[in-house]
Number of protein chains: 2
Amino acid sequence: MNRGEIEAAARRIEAREFIRRTPLWKLPGTALGVECAEVWLKLEQFQVGGSFKGRGMLNLGVKCEVFVPTVSSPMKQAKLRELGAQVVVTGAVYAEALEACLARQQQSGALLTHAYDQPEVVAGAGTLAREIEGQGAGAPDSVLVSVGGGGLIAGIAAWFEQRARVVALEPELAPTLHAARKAGEPVDVAVSGVAADSLGAKRIGAIAWEITQRHVRDSLLLPDAAIRDAQLWLWKQMKIAVEPAAALGLAALHTGVYRPRADEKVCLVICGANLDPATLA
Amino acid sequence: MNRGEIEAAARRIEAREFIRRTPLWKLPGTALGVECAEVWLKLEQFQVGGSFKGRGMLNLGVKCEVFVPTVSSPMKQAKLRELGAQVVVTGAVYAEALEACLARQQQSGALLTHAYDQPEVVAGAGTLAREIEGQGAGAPDSVLVSVGGGGLIAGIAAWFEQRARVVALEPELAPTLHAARKAGEPVDVAVSGVAADSLGAKRIGAIAWEITQRHVRDSLLLPDAAIRDAQLWLWKQMKIAVEPAAALGLAALHTGVYRPRADEKVCLVICGANLDPATLA
């Protein structure tokens, strides 16, 4: 995975005019209650489908059956159907849906597209980092990214390499990368908590493992209460309506789990927005 | 009211670092289901307080008592209190709260700040148009603006003058500008409907009347159902959570009440976001 593959993915995506170039909003740190020079919000929750996921899928661009676990939100399932996918809801968590997907693939001979552990998918996710750098007129000092299976952080770290400090954030209750680092290799973890719907992969992807070992120094954990507080803060103070998974960056700043320098420009990747808005009330 | 006063207001506002520079999001028309070259979304619902209103108030910058009618949302009242205002909830609709405010002002001798019919307030609102032009690297072809008392459209029209086509949009159930044009002068109207909370002024302001007569050709009306449809579309398709008042521009495009040219760049002013998110579910 390198910048060339991400550039190629960006060209393919741009040609189709389906994926949106989401806003990058630069704010003084104080606007977010953070003592640093700037906070950049990459508002990727405005992406088609409410998530960066389309960047990888459109880099493949095929008719599809999508396998999701019963823990996935009905909003998300409805959205997938609306976009033309045949949706199969099966298994309690991500890993079980993946198993069903693999069985179906063997039977049908269809092309298998992994949710995060596939080069095209990671390259597609990397286009988000390329977009941040273009819109920001340069790389930020640091990028705070939520990690589930690791497809997004792999793409972002592959793009920035050492030019920005890419920080991995995970819920304490879904710590795939953190557990892998402790074990010295990817291992299965139990997943639960407020962000299990979107960050609830059972194991960090092999591609993400390899890339993050090279380019990501910090792997930090956040308790559910801090994630939920940050999610509600984003709505109440910023009128940004997003899932818990989108709030880990702000939670890390508000709790001090990540402490930027005074002159730092921190970028938060805000994604996704497949939530029941009543949960913000 | 001229561009110089708006420039001066912008400098005062910038010096205080409280008002946010909200994102301008440029999209191809097709992303909004509209057959025109570009739609620019000025995401002013992300402004401090969820609305452009702070732009005018900070151009004054004083301790205050705020008078609001009982129709105003509890969310909005809570937000005002949080920002340090003493909030007086009185009267059924805007005009009655204004009466109580005037009585209190006579008694206290405090400086009266009108919600829309005051030069400083209009100049503050105009900074939003200046910001659009700066961020857009030029003026759009047209700007679609929701009208209540007219403070926002007055500021926007005073900034753009004839350099962009400024279009006034009102709910059929709160038609202050439309009724004034019919009568040849500002007149009282009955107000009700989905946007009465934020667009429910009883009469167009004198400043807005004067400026819109010079610079605004189109005064268009929208039924509540179209406004509500557009509000829900913004949430479901764009993940933008806003009040009905913020959706009039999209409603005008979706219903064909306003039909842009094929090569037109249309800017929608999206404001505000003081809503109960459960109303989007």
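Residues numbered from 1 in each chain as written. Chains lettered and ligands numbered in written order. Predicted model: local features only at pLDDT ≥ 70, side-chain atom pairs only at ≥ 80, totals over all residues. Heavy atoms only, no water.

### Looking at the packing of aromatic side chains
Point 1. Counted according to the given criterion, the structure contains five aromatic pairs over all chains.
Point 2. Aromatic side chains Phe46(A) and Trp25(B) sit 5.2 Å apart centroid to centroid with 20° between the ring planes, which places their arrangement in the stacked category. Taken together, the residues span two chains, with Phe46(A) in the loop between strand S2 (38-43) and helix H2 (53-58) and Trp25(B) in strand S1 (residues 24-28).
Point 3. By relative accessible area, which is 1% here, Phe46(A) ends up buried. (Phe/Tyr/Trp six-rings, centres within 6.5 Å; stacked < 30°, edge-to-face > 60°. Helix = DSSP H or I, 4+ residues; strand = E, 2+ residues; numbered from the N terminus. Buried < 20%, exposed > 50% of the residue type's maximum accessible area, 1.4 Å probe, protein only.)

### Here we look at the pattern of salt bridges
Residue and element names in this part refer to chain A.
Point 1. Tallied over the entire structure, the rule returns 31 salt bridges over all chains.
Point 2. Linking Arg203 and Asp188 is a salt bridge whose minimum nitrogen-to-oxygen distance equals 2.8 Å. Of the two residues, Arg203 is situated in the loop between helix H8 (196-199) and helix H9 (206-215) and Asp188 in the loop between helix H7 (176-183) and H8; the sequence distance between them amounts to 15 residues.
Point 3. Its relative accessible area of 38% is what places Arg203 among the partly exposed residues.
Point 4. Take Asp188: its relative accessible area is 42%, and that puts it in the partly exposed class.
Point 5. Several salt bridges converge on common partners, so that one network encompasses Lys42, Glu44, Arg55 and Glu131. (Salt bridge = Lys/Arg side-chain N within 4 Å of Asp/Glu carboxyl O.)

### Remarks on unusual backbone geometry
Residues and elements named next belong to chain A.
Point 1. With an omega dihedral of 10°, the bond running from Cys271 to Gly272 counts as a cis peptide bond.
Point 2. Along the chain, Gly272 falls in the segment after strand S8 (265-270).
Point 3. Its identity is not glycine, yet Glu161 carries a phi of approximately 50°, on the positive side.
Point 4. Inspection of the secondary structure puts Glu161 in the loop between helix H6 (151-160) and strand S6 (165-171).

### Re the relation of the copies chain B and chain A
What connects the two chain copies is a rotation about an axis and a shift along it.
Point 1. Rotating chain B by 180° and moving it 0.0 Å along the rotation axis overlays it on chain A with an RMSD of 0.0 Å. On the angle and the small slide along the axis, the relation comes out as a two-fold axis. When C-alpha distances to the rotation axis are compared across chain B, the minimum falls at Ala278(B), with a value of 2.0 Å.
Point 2. A share of 100% of interface residues in chain B that are also interface residues in chain A marks the association as one of identical surfaces. (Least-squares fit on C-alpha atoms with pLDDT ≥ 70 in both. Contact = heavy atoms within 4.5 Å.)

### Re the packing of helix H10 (residues 224-238) of chain B against helix H11 (residues 248-255) of chain B
All names here are of chain B.
Point 1. The interhelical angle for the contact between H10 and H11, taken along N-to-C directions, is 105°, at an axis separation of 8 Å. By the criterion of interaxial angle, the relationship of H10 to H11 is roughly perpendicular. In contact with Ala226, Ile227, Ala230, Trp233 and Leu234 of H10, H11 contributes Leu248, Leu250, Ala251, His254 and Thr255. (Axes fitted to C-alpha atoms, helices over the stretch in contact; angles between N-to-C directions. Parallel < 35°, antiparallel > 145°, perpendicular 65-115°, else oblique.)

### Points about the nonpolar core
Point 1. Within the largest apolar cluster, 71 residues are counted, with the highest numbers of intra-cluster contacts made by Leu41(A), Ile240(A), Leu41(B) and Ile240(B).
Point 2. Excluding residues that lie within four positions of it along the chain, Leu41(A) makes contacts with Pro23(A), Leu24(A), Trp25(A), Leu27(A), Met238(A), Ile240(A), Leu268(A) and Ile270(A). (Core = buried A, V, L, I, M, F, W, Y, C linked by side-chain atoms within 4.5 Å.)

### Let's talk about H7(A)
Residue and element names in this part refer to chain A.
Point 1. Among all positions of H7, only Thr176, Leu177, Ala179 and Ala180 are buried. Down the axis of H7, the buried set is contained in an arc of 165°. They therefore lie on one face.
Point 2. The secondary structure elements touched by the buried residues of H7 are S6, H9 and strand S7 (218-222).
Point 3. Note on H7: the residue one or two positions beyond its end, Gly184, has a positive phi of about 85°. (Arc of directions from axis to C-beta.)

### Notes on the interface of chain B and chain A
Point 1. The interface of chain B with chain A comprises 29 residues on the first partner and 29 residues on the second.
Point 2. Counting the surface lost from both chain B and chain A, the interface buries some 2,300 Å², and carbon and sulfur atoms represent 62% of this.
Point 3. Among the residues of chain B in contact with chain A, Arg20(B), Phe46(B) and Lys239(B) are the three that bury the most area, contributing 29% of the side total.
Point 4. Applying the counting criterion to the chain B and chain A interface returns zero salt bridges. (Buried area = accessible area lost by both parts, 1.4 Å probe.)

### Some thoughts on the domain arrangement of chain A
Residue and element names in this part refer to chain A.
Point 1. According to the domain assignment, chain A consists of domain 1 (3-53 + 118-280) and domain 2 (63-108).
Point 2. Just the C-alpha atoms count here: the centres of domain 1 and domain 2 sit 23 Å apart.
Point 3. Between domain 1 and domain 2, the contact holds 12 residues from the first and nine residues from the second.
Point 4. Together domain 1 and domain 2 conceal approximately 820 Å² of surface at their shared face, both sides included; 67% is due to carbon and sulfur atoms.
Point 5. A per-residue breakdown of the area domain 1 buries against domain 2 is headed by Asp197, Lys202 and Asn274, which together make up 51% of the total.
Point 6. Our count for the domain 1 to domain 2 interface comes out at one salt bridge.
Point 7. In this structure, Asp197 engages Lys76 in a salt bridge whose closest nitrogen and oxygen atoms are separated by 3.3 Å.
Point 8. Between the two partners, domain 1 and domain 2, sit one residue pair in polar contact (both at pLDDT 80 or more).
Point 9. Residue classes in the side of domain 1 that touches domain 2 are distributed as four nonpolar, four polar and four charged. (Domains from an automatic or database assignment. Polar contact = N/O pair within 3.5 Å; in protein donor to acceptor, adjacent residues only side chain to side chain. Nonpolar A, V, L, I, M, F, W, Y, C, P; charged D, E, K, R; others polar.)

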